[in-house]
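Below, each chain spelled out in residue letters.
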Amino acid sequence: NTPESLWIPNVKGLIATGSVDCIINLIRYSLREDSTKSPSMKTRSLPNYLLLVPALEASLPLSPYMDPSRSSLFSDTVVKMMSLCPERGDIASLACACIAELDVPGKECSIEAIYNSIQLNFDNKNCLVNCFKATRNAAKRGKENVKKLEEKGFLKLASTYIERPDFDSEIVAVIWDIVRDMIQAVPNLAQSAIRGLLMGNISTVIISNSHDLTLGSAGCLLLASLAPSMSPSCIDEKLVEAISLLLDNFEIGENESILKALAALSTVEAKAFASFCNGKVCRNATSIVSHKFSKQSSKPVLNCVWLGCSIVAQLAYGSKECRTLLIDAGVCKALAMSLNKTLEWIKKVRKEKGETDPNPFSALKQGLLGMICLSSHSLEAQNELGRNGGVEIALNSLDIEGQIDLIEPALLALSALSSNCKQNSMKMYTKSCIATVAKLLALKWEVGPETLLSATLEVASASFQFEDKNFNKKSPDFVEIVESLAESASKCAKKWRKFQAIQKRVCFLYQNLALQGFSAALFKFDAENSILKAMEAHSSSTNVQFQALQAIESLLSDKVGSILNKSTVSASKKAFLSLCMTKSQTKLKRDKTLKAAASIGQKIFKIGDFSSNREVTNRTTK
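None of these values were measured; they are calculated from a predicted model.

Enquirer: Please give an account of the overall build of the chain that cites residues and values.
Expert: Helix and strand counts for the chain come out as 35 helices and zero strands. Per-residue burial for the chain yields a buried fraction of 53% across its 622 residues. Considering only intrachain contacts with a sequence separation of at least 6, the fraction spanning at least 24 residues in the chain is 76%. If you sum the accessible surface of the chain, you get close to 28,100 Å²; carbon and sulfur atoms cover 51% of it.

And the structure:
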């Protein structure tokens, strides 16, 4: 119980004055080793155990503080000693306890001596725990040691021990640490660990020891390292139950490793994972996300909240049932508040330290994906996310410098939040939002990718979906923004002509801009030609044809001057006839088609003679 500050200087002083060298010489002397020669050890007499035990006991507190060269020499000496007296559990235990504390990065170790000690002392708990700790130290030293462990059959030995009814939880935790270190050094070993008995044993052991945080954390960290190599069939009810029990028993900040496992498993296959998750898991995830934190919160607490965001996103994506359970647990408010706090944390820490910790950015990305899934579930979820700052979170995520991977989920979140929700769309009808989207489209129209452009056009369209009478849309600087948007949209339509999703969204943007009174900007950048080309390129796509027809109708409705010419009328006719003859359309879409056609028809017969085409006349009259 003596404070470290009192004894560590003594330890360092002893090392500095040569005590380790004395101990190494003493061990060599006790092994009857002549340091000037190196004949076979087999010819030597038995070691002097009376000297070895106190020598090792004296080494134990010194081991963590030895410098690399002494650590290496001491390690070689002790391992050689173990190989000479493998049957002595007391020696093996002390020797392994010393090895476990050494810091010898990249140094190969005699796995044979340690492994023999494990096998010979399999029923000696005190010795075995130190032997496994020494093995853990060896496994951390690199691939060569790990390969030796694999060749010796360590995974099978580990499974054999864990299957014992009288297993010791401390030893199991160390074994799981060793396997995790082995996988980190040689990733291909993960498949061997999954195929063996280790995988099934993890759930069983955790369930029967769910109040043991050390054991639970070791098992969860191993699960997290195995997850990238798992198939969906590896996830079962028992595994989810084991992690749920741990979540119930430990507070936020303590449970980081547990959440790492849950987050990793959820990415194996979200639907498989969600199928085994119940109300308790969803409530736990919501509770973690709703934890109030600040920049002063400890790193484990922050990491737990951020992992919670990832878990919520995967649950929301995984199944309709989980979305319902999450929403009932209050996840919309909790997630929005947590993401708001995360944004504040990122901006403050970046300003003060320039820190680029990947965890908050990952949480933000996953949280945005979570909002997309929850928004698609119900209008109620859209409203709740919107009320708690969901739109602002997505907009602010677009402004974070250097985080390209946030742009697409932020755009998709804005699109999902504004779908069918007027109050959220109105929040997007702001100069800053539209300027951000216009700037993004101007930067990306040529390089894409297609998914990013589709999302950008979708948000641009949604921003103009509902008119805000208090907004001065005629101000010169705003008109300039709209013109930039119209120009980029036309360039985008030309460059990505073959992509239906982009053509449909360009037409939708044109429609909304025209309805808001910005047809002049559209005519300036040849919008009508973009619409016609879209109709030509995708003559068999009812979605593109329908949206193009709506865009033409909107352009005609704006009192800027007629754009009707023979090609416009011809394209309108084709779209109209194609849509009217498509039986699969919904009633709402069919009614909108006929309304658009009637509106276009009025203009057609005013400016052009198409009476000879009886089919057009009959259809339009209908």
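Now, onward.
Enquirer: Help me get a handle on the environment of Arg590, residues and values and all.
Expert: For Arg590, the position within the fold is in helix H34 (residues 587-607). Residues Arg590 and Phe546, 44 residues apart in the sequence, show an inter-C-alpha distance of 9.3 Å.

Enquirer: Hey, could you go over the nonpolar core for me, with residue numbers and the actual values?
Expert: Membership of the largest hydrophobic core comes to 204 residues, with the highest contact counts inside it found for Ile27, Met81, Phe154, Trp176, Leu226, Leu315 and Phe464. When residues of this core are assigned to their parent elements, the largest contribution, 11 residues, is made by helix H10 (residues 169-185). Beyond its immediate stretch of four places on either side in the chain, Phe154 contacts Tyr115, Phe132, Thr135, Leu149, Ile178, Val179 and Met182.

Enquirer: An account of the side chain of Ser63 is needed here, citing residue identities and associated values.
Expert: Inspection of the secondary structure assignment puts Ser63 in the loop between helix H3 (49-59) and helix H4 (68-84). Beyond its immediate chain neighbours, meaning those up to four positions away, Ser63 contacts Phe74, Cys98, Glu101 and Leu102.

Enquirer: Describe the pattern of salt bridges, with residues and values.
Expert: Per the counting criterion, the structure on display carries 20 salt bridges. The residue Arg164 makes a salt bridge to Asp123 at a minimum N-O spacing of 3.3 Å. One end of the pair, Arg164, is in the loop between helix H9 (154-162) and H10; the other, Asp123, is in the loop between helix H6 (111-120) and helix H7 (125-139), with 41 residues separating them in the sequence. Of the residues examined, Arg164 reaches a relative accessible area of 19% and is grouped as buried. Here Asp248 ties to Lys280 by a salt bridge, and the two come within 3.1 Å at their closest N and O atoms. Linking Asp248 in helix H14 (residues 237-249) with Lys280 in helix H17 (residues 279-289), this pair joins segments that are 32 residues apart in sequence. For Lys280, a relative accessible area of 30% gives the class partly exposed. Because the salt bridges share partners, they merge into one network encompassing Asp21, Asp67 and Arg70.

Enquirer: Please give an account of the packing of aromatic side chains that cites residues and values.
Expert: Counted according to the given criterion, the structure contains 12 aromatic pairs. For the pair Phe293 and Trp306, a centre-to-centre distance of 6.5 Å together with 85 degrees between the ring planes defines the contact as edge-to-face. Of this pair, Phe293 sits in the loop between H17 and helix H18 (299-318) while Trp306 sits in helix H18, placing them 13 residues apart in sequence. Neither residue differs from the other here; Phe293 and Trp306 are each classed as buried.

Enquirer: I'd like to hear about the environment of Ile600, residue by residue, with values.
Expert: With respect to the element layout, Ile600 can be found in helix H34. When the C-alpha atoms of Ile600 and Ile552 are compared, they prove to be 7.9 Å apart, with 48 residues separating the residues in sequence.

Enquirer: Would you mind going over the packing of helix H20 (residues 331-353) against helix H22 (residues 379-387) in detail, with residue names and values included?
Expert: Interaxial distance between H20 and H22 falls to 8 Å at its minimum, and their mutual angle equals 35 degrees. The element H20 and its partner H22 pack so that their crossing is right-handed. Each of Cys332, Lys333 and Ala336 in H20 lies in contact with H22, whose residues at this interface are Ala381, Glu384 and Leu385. Looking at the contact of H20 with H22, its residues break down into four nonpolar, no polar and two charged.

Enquirer: I'd like a rundown of unusual backbone geometry, residues and numbers included.
Expert: Residue Pro449 is bonded to the preceding Gly448 through a cis peptide linkage, with omega at 5 degrees. With respect to the helices and strands, Pro449 occurs in the loop between helix H26 (431-444) and helix H27 (450-463). With phi around 65 degrees, Asn420 is a residue other than glycine that occupies positive phi space. Structurally, Asn420 is set in the loop between helix H24 (407-418) and helix H25 (422-428). The phi torsion at Asp526 lies on the positive side, around 60 degrees, for a residue other than glycine. Tracing the backbone shows Asp526 in the loop between helix H30 (519-524) and helix H31 (527-537). Residue Asp526 is classed as partly exposed on the basis of its relative accessible area of 38%.

Enquirer: Which residues make up a negative patch on the surface, and what values go with them?
Expert: A grouping of Glu112, Glu144, Glu150 and Glu151 is seen on the molecular surface, where their side chains present a negatively charged patch. It is helix H8 (residues 143-152) that provides the largest number of residues to the negative patch, a total of three residues. With respect to the secondary-structure elements, Glu144 resides in helix H8.

Enquirer: Residue-level account of helix H28 (residues 476-495), with values.
Expert: Helix length check: H28, at 20 residues, gives a terminal C-alpha distance of 29 Å against a target of 28 Å (1.5 Å per residue), a fit within 8%. Buried within H28 are the following residues: Phe478, Ile481, Val482, Leu485, Ala486, Ser488, Ala489, Ser490, Cys492 and Ala493. Buried residues along H28 sit in contact with H26, H27, helix H29 (500-515), H30 and H31.

Enquirer: Give me the lowdown on the side chain of Asn424, citing residues and values where you can.
Expert: Among the structural elements, Asn424 can be located in helix H25. Relative accessible area serves as the criterion here: at 0%, Asn424 is assigned to the buried category. With sequence-adjacent residues up to four places away left out, Asn424 is seen in contact with Gln382, Gly386, Val391, Leu417 and Ser418.

Enquirer: Run through H10, naming residues and quoting values.
Expert: Under the 1.5 Å per step criterion, the end-to-end length of H10 is 25 Å for 17 residues, consistent within 8% with the ideal 24 Å. The element H10 is largely enclosed, with a buried count of 13 among its 17 residues. Here H10 starts with a cap whose side-chain oxygen sits 3.1 Å from the backbone nitrogen of Glu170, and that cap is Asp168.

Enquirer: How would you sum up the environment of Phe525? Please name residues and give values.
Expert: One can find Phe525 in the loop between H30 and H31. Residues Phe525 and Glu487, spaced 38 residues apart in sequence, show a C-alpha to C-alpha distance of 5.6 Å. Among residues more than four places away in sequence, those in contact with Phe525 are Glu483, Ala486, Glu487 and Ser490.

Enquirer: Explain the packing of H31 against helix H32 (residues 542-557) to me, using residue names and the numbers behind them.
Expert: Where H31 meets H32, the axes come as close as 9 Å, and the angle between the chain directions of the two elements is 160 degrees. Here H31 is positioned roughly antiparallel relative to H32, judged by the angle of their axes. In the packing of H31 onto H32, the handedness of the crossing is left-handed. Facing Ile531, Ala534 and Met535 of H31, the residues of H32 in contact are Val544, Gln545, Ala548, Ala551, Ile552 and Leu555. Along the lines of polarity and charge, the residues of the contact of H31 with H32 split into eight nonpolar, one polar and no charged.

Conventions we followed
Residues numbered from 1 in each chain as written. Predicted model: local features only at pLDDT ≥ 70, side-chain atom pairs only at ≥ 80, totals over all residues. Heavy atoms only, no water. Helix = DSSP H or I, 4+ residues; strand = E, 2+ residues; numbered from the N terminus. Buried < 20%, exposed > 50% of the residue type's maximum accessible area, 1.4 Å probe, protein only. Contact = heavy atoms within 4.5 Å. Areas by Shrake-Rupley, 256 points an atom, 1.4 Å probe, with all protein chains shown as cover. Core = buried A, V, L, I, M, F, W, Y, C linked by side-chain atoms within 4.5 Å. Salt bridge = Lys/Arg side-chain N within 4 Å of Asp/Glu carboxyl O. Phe/Tyr/Trp six-rings, centres within 6.5 Å; stacked < 30°, edge-to-face > 60°. Axes fitted to C-alpha atoms, helices over the stretch in contact; angles between N-to-C directions. Left-handed = near helix turned anticlockwise from the far one by under 90°. Nonpolar A, V, L, I, M, F, W, Y, C, P; charged D, E, K, R; others polar. Patch = residues over 30% accessible without salt bridge, like charges linked within 9 Å, V, L, I, M, F, W, Y side chains within 5 Å. Lys, Arg positive; Asp, Glu negative; His and termini not counted. Charge placed at Lys NZ, Arg CZ, Asp CG, Glu CD. Expected span 1.5 Å × (residues − 1). Polar contact = N/O pair within 3.5 Å; in protein donor to acceptor, adjacent residues only side chain to side chain. Parallel < 35°, antiparallel > 145°, perpendicular 65-115°, else oblique.

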